[in-house]
Amino acid sequence: GPLLERRLMDVRLRELPLWVTTRDFSPQALLRGAQRAWDSYYNKYINVKKGGPAGVSMLLAGYCFLSYAWNYQHIKRYRWRKYH
Amino acid sequence: MLSRLVLRAAPAALRSLPPPVTVGVLHATRPLHTSKQHLAPLPPLPEKGGEVRHGLIPEEFFQFLYPKTGVTGPYMLGTGLILYFLSKEIYVVNHETVAAVCILSILIYGIKKFGPDVAAFADKLNEEKLAKAQAVKNESIEGLEAAIEQEKKEQWRVEGRSYLFDAKRNNIAMLLEANYRERLLTVYNEVKKRLDYQVAMQNLKRQKEQDHMIQWVEKSVVQSITPQQQKESIAKCILDLKALSKTAQ
């Protein structure tokens, strides 16, 4: 179909920059996108009858990863070896 | 199982992922009533969540790599990545690593050991809630069915209307008959009383006339007896008596 309505996974690699320019990057659209992402994650992993540790543990793992990434410049100073 | 507790405890906290500053913007722009109305009851929650391996990596990732690398692909990728991060010290081993290892081991031990019990407990709570709702629904259904039975019975009773009215008509006819006969009797009695009166009057009159006539006749007879006739009659009586006494002796 037309480029505008395809989702990310259906876009070919060479059309990716063009596709990115067609997206709407206003704050409302970003918020809507974030809300939809959260809703799909929530409904898939948390809003079920018999959930498990998976739903929350993935969020915690993501949090750990993000906080490590944001503090990487500071942690880099405590390496054990200078040359790798 | 943790998610079950989280679901019960603080869904609001998890839902408010967008920053609170832009909540107003979000409400203003969220489209309302765009999907067609769901008049039927909401679809039930799915039984199990999406598959996740080792609690961290969704199953879709393994399926994504399976055609090209087979079953061990993702594990090789994971091992390679870990070794790469460690050797190049993109991941630095420090005190936080030790803390993370301790925390993670305790967490995993706790989850493995107490997970099923907590899950059963949360399930039991859910079941009780559902059972209560079901009980309410069943009660109202039973109440309504009983009302339907009552209604059918009333409809059946309506068919007996004709008998009821016949009986009532009979009652009224009997009442009228009884009343009529009472009045007839009253009329008869009244008329009889008046006729008896007339008869009694006539009898009385005749009797009075008779008495009066007898008295008058007696009085005139007594008056007509002169004293001389009296003496003669007495002398005759004495002679008669003497004659009688003689024959008797």
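Analysis parameters
Counting of residues starts from 1 at the beginning of each chain's written sequence and follows it residue by residue. Key to labels: chains lettered from A, ligands numbered from 1, both in the order written. Since the coordinates come from a predicted model, pLDDT governs what is reported: local features require at least 70, and pairs of side-chain atoms require 80 or more to be given and counted, while whole-chain, interface and lining totals use all residues. The basis for the side-chain values is all heavy atoms of the structure; hydrogens and waters are excluded. Starting at the N terminus, helices and strands are each numbered in turn, a helix being any DSSP run of H or I of at least four residues and a strand any DSSP run of E of at least two. To sort residues, take the accessible area from a 1.4 Å probe on protein chains only and compare it with the maximum for the residue type: under 20% means buried, over 50% means exposed, and anything in between is partly exposed. For the area figures, the Shrake-Rupley method with a 1.4 Å probe applies, and any residue is considered shielded solely by the protein chains shown. Throughout this description, the term nonpolar core refers to a set of buried Ala, Val, Leu, Ile, Met, Phe, Trp, Tyr and Cys residues connected via side-chain atoms within 4.5 Å. In what follows, a contact means two residues having at least one pair of non-hydrogen atoms within 4.5 Å. UniProt positions are given in the numbering used here, feature names are shortened, and annotations may be inferred rather than shown by experiment. We call Phe, Tyr and Trp rings a pair once their centres come within 6.5 Å, taking the six-membered ring for Trp, and we label the pair stacked below 30 degrees between planes, edge-to-face above 60, and tilted otherwise. Think of it as a cone above the ring: NZ of Lys or CZ of Arg counts as a charge over the ring if it is within 6 Å of the ring centre and within 35 degrees of the ring normal. The term salt bridge refers to a pairing of a side-chain nitrogen on Lys or Arg with a carboxyl oxygen on Asp or Glu at a separation within 4 Å. To obtain each axis, a line is fitted to C-alpha atoms, and for helices this fit is confined to the stretch in contact; angles are then taken between N-to-C directions over 0 to 180 degrees. The scheme is simple: roughly parallel for angles under 35 degrees, roughly antiparallel for over 145, roughly perpendicular for 65 to 115, oblique for anything else. Residue type decides the class: Asp, Glu, Lys and Arg count as charged, Ala, Val, Leu, Ile, Met, Phe, Trp, Tyr, Cys and Pro as nonpolar, and the leftover types, Gly among them, as polar. Distance thresholds for patches are 9 Å for like charges and 5 Å for nonpolar side chains (Val, Leu, Ile, Met, Phe, Trp, Tyr), applied to residues having over 30% relative accessible area and no salt bridge. Positive residues here are Lys and Arg, negative ones are Asp and Glu, while His and the chain termini are left out of the count. By convention, the charge on Lys lies at NZ, on Arg at CZ, on Asp at CG and on Glu at CD.

Draft legend 1. A look at the overall build of chain B. When you go through chain B residue by residue, the secondary structure sums to eight helices and two strands. For chain B, the succession of helices and strands along the chain, N to C, is α-α-α-β-β-α-α-α-α-α. Sorting the 249 residues of chain B into buried and exposed places 8% on the buried side. With the model as given, the accessible surface of chain B reaches about 22,100 Å², and the carbon-plus-sulfur share is 66%.

Draft legend 2. Quick peek at the overall build of chain A. Helix and strand counts for chain A come out as four helices and zero strands. Along chain A, helices and strands appear, N-terminal first, in the series α-α-α-α. Burial statistics for chain A: of 84 residues in total, 25% are counted as buried. Accessible area for chain A stands at about 6,600 Å²; split by element, carbon and sulfur atoms hold 62% of it.

Draft legend 3. Representation of the nonpolar core. The biggest cluster of nonpolar side chains holds eight residues, and these are Trp38, Tyr41, Tyr42, Tyr45, Ile46, Ala54 and Met58 of chain A together with Val52 of chain B. Looking at this core, the elements that each hand over two or more residues are α2 (27-46) and α3 (54-70) of chain A. Per element, the largest residue contribution to this core is five residues, and it comes from α2 of chain A. Those residues in contact with Ala54 of chain A that sit more than four places away from it in its chain are Tyr41 of chain A together with Val52 and Gly55 of chain B.

Draft legend 4. Representation of the UniProt feature "transmembrane region" (unreviewed entry) in chain A. Those residues carrying the UniProt feature "transmembrane region" (unreviewed entry) are residues 54-72 of chain A in this numbering. Structurally, residues 54-72 of chain A is divided into 95% helix and 0% strand, and its ends, taken at the C-alpha atoms, are 26 Å apart.

Draft legend 5. Structural context of the packing of aromatic side chains. Scanning the entire structure with this criterion turns up eight aromatic pairs over all chains. Note on Tyr68 of chain A and Tyr72 of chain A: the rings are 6.2 Å apart at their centroids and 50° apart in plane angle, and the pair reads as tilted. Taking relative accessible area as the criterion, Tyr72 of chain A reaches 18% and is therefore assigned buried. Taking 5.6 Å as the distance between ring centres and 55° as the angle between the ring planes, the aromatic pair formed by Phe62 of chain B and Tyr75 of chain B counts as tilted. Taken as a pair, Phe62 of chain B in helix α4 (residues 59-69) and Tyr75 of chain B in helix α5 (residues 73-87) lie far apart in primary sequence, 13 residues in all. Residue classification places Tyr75 of chain B among the partly exposed positions, given a relative accessible area of 34%. Members of the aromatic cluster, connected to one another through ring pairs, are Trp38, Tyr41, Tyr42 and Tyr45 of chain A. Lying over the aromatic face of Phe62 of chain B, Arg53 of chain B brings its terminal NZ or CZ to 4.0 Å of the ring centre.

Draft legend 6. Quick peek at the pattern of salt bridges. Residues and elements named next belong to chain B. A complete count under the given rule lists twelve salt bridges over all chains for this structure. Between Arg157 and Glu154 there is a salt bridge; the shortest N-O distance is 2.8 Å. With a gap of three residues between them, Arg157 and Glu154 both fall in helix α6 (residues 95-159), about one helical turn apart. Classification of Arg157 by relative accessible area gives partly exposed; the value is 46%.

Draft legend 7. Expanded view of the packing of α2 of chain A against α3 of chain A. Residues and elements named next belong to chain A. Close contact between α2 and α3 brings their axes to 8 Å; oriented N to C, the two are set at 135°. By the criterion of interaxial angle, the relationship of α2 to α3 is oblique. Residue-level contacts link Trp38, Tyr41, Tyr45 and Ile46 of α2 to Ala54, Gly55, Met58 and Leu59 of α3. The class makeup of the residues in the contact of α2 with α3 is seven nonpolar, one polar and no charged.

Draft legend 8. View of a negative patch on the surface. Residue and element names in this part refer to chain B. A cluster of like negative charges, contributed by Glu139, Glu142, Glu145 and Glu149, occupies part of the molecular surface. As for its position among the elements, Glu139 is in helix α6. Residue Glu139 is classed as exposed on the basis of its relative accessible area, which comes to 57%.

Draft legend 9. Representation of a positive patch on the surface. Residue and element names in this part refer to chain A. Residues Arg7, Arg23, Arg32 and Arg36 make up a contiguous surface patch of positive charge. Within the secondary structure, Arg23 sits in the loop between α1 (16-22) and α2. Here Arg23 falls in the partly exposed class, since its relative accessible area comes to 33%.

Draft legend 10. Quick peek at unusual backbone geometry. Phi is positive for His54 of chain B, which is not a glycine, with a value near 55°. Looking at where His54 of chain B falls in the secondary structure, it is placed in the loop between β1 (52-53) and β2 (57-58).

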